[in-house]
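# Topology and contacts: notes
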Amino acid sequence: MKIVLNNRDEEINAEVVTIKELLEIKNFTFRMLVVKVNGVLVKKDRYEHVYVTEGDNVIVLHLVSGG
Amino acid sequence: MTFEEIKDKLSHFKIGIAGAGGLGSNCAASLIRAGVKKLVIADFDVVCESNLNRQFYFADQIGVLKVKALNDNLLRIYSNLDIDFRVLKITHENVKELFQNCDVIVEAFDDKHEKQMLIESVIKYLPNIPLVIGSGMAGWGDNNSIVTEKFDNLFACGDKVSEINEDLPPIGPRVGIVANMQANQVLEILLGKM
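A brief structural summary. Predicted model only: the values in this text are computed from it and were never measured.

### So, the nonpolar core
Membership of the largest hydrophobic core comes to 41 residues, with the highest contact counts inside it found for I15, I17, L31, L39, I41 and L74 of chain B. Of all the secondary structure elements, the ones that give two or more residues to this core are α1 (3-10), β1 (14-18), α2 (22-34), β2 (38-43), α3 (66-77), β4 (104-107), β7 (154-158) and α6 (172-191) of chain B. Not counting residues within four places of it along the chain, the set of residues in contact with L31 of chain B comprises I15, I17, V36, L39, A183, V186 and L187 of chain B. Counting residues in hydrophobic clusters, the runner-up holds 28 residues, among them I59 of chain A together with I105, L118 and I129 of chain B.

As structure tokens, this is what we get:
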């Protein structure tokens, strides 16, 4: 399926994946993230329950300390 | 636009700044110099010696509440400002009340858990207000790694990866670059592109 991930077109080798699976596929190993799917916030405890399908717009924002 | 027109336009907007540390204090100073007059700034901390390497405070302000010291310092740049400074810890519960009347919100925390809390709260309670965050500015050098990326109405400034630790402390130049990128992004949101 084709999705948009962080403003870039991505081809994912599956028809549907959970957020948790998508993070594993893309090797996002960072701990502190903000995730949105089609503009809707997905909190960490929902990563296994929210699905990404064809055409979805996914944002995975990685946060590090410092300021 | 002339600078007079820019100042006049910016003076009508209110900017919320979450945190008065390295990002918040420098971003606030930059916004005030550009012509912003109305700020809401929240922080509960006091100035300490280790802050002076990057934050807009002075040695004789050690021990003073940051929002109080920042208010004093900003008023030394321009005297006719309308600064609503709040001595409090920003939480999920008070984000909406604090920033609901702002035109743009600047995330200016140090800790990534706090950053996440603020971002999630703004997305949940104030989704229509643009949010400008800072992530990744520890250490020194590597100017060209620092960028701004737009995600919906969230703008992320920083190099996205360099996290502070004992051997990679936050220091004036890179923190100041990101604070000023945040201020510059606020101007672009309010004034439009050049």
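### Brief notes about the pattern of salt bridges
Considering all chains together, one arrives at 16 salt bridges over all chains under this definition. Among the ionic pairs, R8 of chain A bridges to E149 of chain B, the shortest N-O distance being 3.7 Å. One end of the pair, R8 of chain A, is in strand β2 (residues 8-11); the other, E149 of chain B, is in strand β6 (residues 147-151), on a second chain. Residue K112 of chain B pairs with E163 of chain B through a salt bridge whose shortest N-O separation is 3.2 Å. Residue K112 of chain B is located in helix α5 (residues 112-125), and its partner E163 of chain B is located in the loop between β7 and α6; the two are separated by 51 residues in the primary sequence. With a relative accessible area of 19%, K112 of chain B lands in the buried category. Overall, the relative accessible area of 25% leaves E163 of chain B in the partly exposed class.

### Quick notes on the environment of A179 of chain B
Residues and elements named next belong to chain B. When you line up the elements, A179 lands in helix α6. Sequence separation of A179 and A138 is 41 residues, and the distance between their C-alpha atoms is 13 Å. Residues in contact with A179, not counting those within four places in the same chain, are G22, L23, N26 and C27.

### Notes on the sheet that holds strand β1 (residues 2-5) of chain A
On the basis of which strands lie adjacent, the open sheet formed by five strands has the order β2-β1-β7-β4-β5 (chain A) and mixed pairing. Both outer strands of the open sheet, β2 and β5 (40-42) of chain A, are each paired with one neighbouring strand and no more. Across the sheet, the mean angle from the axis of one strand to that of its neighbour is 30°, orientation sign disregarded. Note that β1 of chain A and strand β7 (residues 57-62) of chain A share two bridges and pair parallel. Along β7 of chain A, the bridge assignment pairs L5 of chain A with V58 of chain A. Against the sheet, α5 of chain B touches β4 (33-37), β5 and β7 of chain A, its axis set at about 20° to β4 of chain A.

### Some thoughts on the sheet that holds strand β5 (residues 131-134) of chain B
Residues and elements named next belong to chain B. The mixed open sheet is built from seven strands, whose spatial order is β3-β2-β1-β4-β5-β7-β6. Where the open sheet ends on each side, the last strands, each with one partner, are β3 (82-87) and β6. The mean inter-strand angle of the sheet, taken between neighbouring strand axes irrespective of direction, is 15°. Pairing geometry for β5 and β7, over four bridges, is parallel. For G134, the partnering residue across the bridge sits in β7 and is C157. Sitting on the sheet, α5 is in contact with β1, β4, β5 and β7, with an inclination near 165° to β5.

### Things to note about the packing of aromatic side chains
All names here are of chain B. Within this structure, the stated rule accounts for one aromatic pair over all chains. Aromatic side chains F56 and F58 sit 5.9 Å apart centroid to centroid with 70° between the ring planes, which places their arrangement in the edge-to-face category. With relative accessibility at 40%, the residue F58 sits in the partly exposed group.

### Re the side chain of K115 of chain B
Structurally, K115 of chain B is set in helix α5. A polar contact is formed between the side chain of K115 of chain B and the backbone oxygen of F109 of chain B, at a distance of 2.8 Å.

### Thoughts on the interface of chain A and chain B
Each partner contributes residues to the interface: chain A has 18 residues there, and chain B has 29 residues. For the chain A and chain B pair, buried surface summed over both sides reaches about 2100 Å², with 59% attributable to carbon and sulfur atoms. Joining chain A to chain B, the criterion identifies three salt bridges. Here K36 of chain A makes a salt bridge to D152 of chain B, at a shortest N to O gap of 3.0 Å. Taken together, chain A and chain B are joined by 14 residue pairs in polar contact (both at pLDDT 80 or more). Of all the secondary structure elements, the ones that give two or more residues to the side of chain A that touches chain B are β4 and β7 of chain A. Tallied by class, residues from the side of chain A that touches chain B come to eight nonpolar, seven polar and three charged.

What counts and how
- Residues numbered from 1 in each chain as written.
- Chains lettered and ligands numbered in written order.
- Predicted model: local features only at pLDDT ≥ 70, side-chain atom pairs only at ≥ 80, totals over all residues.
- Heavy atoms only, no water.
- Core = buried A, V, L, I, M, F, W, Y, C linked by side-chain atoms within 4.5 Å.
- Buried < 20%, exposed > 50% of the residue type's maximum accessible area, 1.4 Å probe, protein only.
- Helix = DSSP H or I, 4+ residues; strand = E, 2+ residues; numbered from the N terminus.
- Contact = heavy atoms within 4.5 Å.
- Salt bridge = Lys/Arg side-chain N within 4 Å of Asp/Glu carboxyl O.
- Pairing = 2+ DSSP bridges.
- Axes fitted to C-alpha atoms, helices over the stretch in contact; angles between N-to-C directions.
- Phe/Tyr/Trp six-rings, centres within 6.5 Å; stacked < 30°, edge-to-face > 60°.
- Polar contact = N/O pair within 3.5 Å; in protein donor to acceptor, adjacent residues only side chain to side chain.
- Buried area = accessible area lost by both parts, 1.4 Å probe.
- Nonpolar A, V, L, I, M, F, W, Y, C, P; charged D, E, K, R; others polar.

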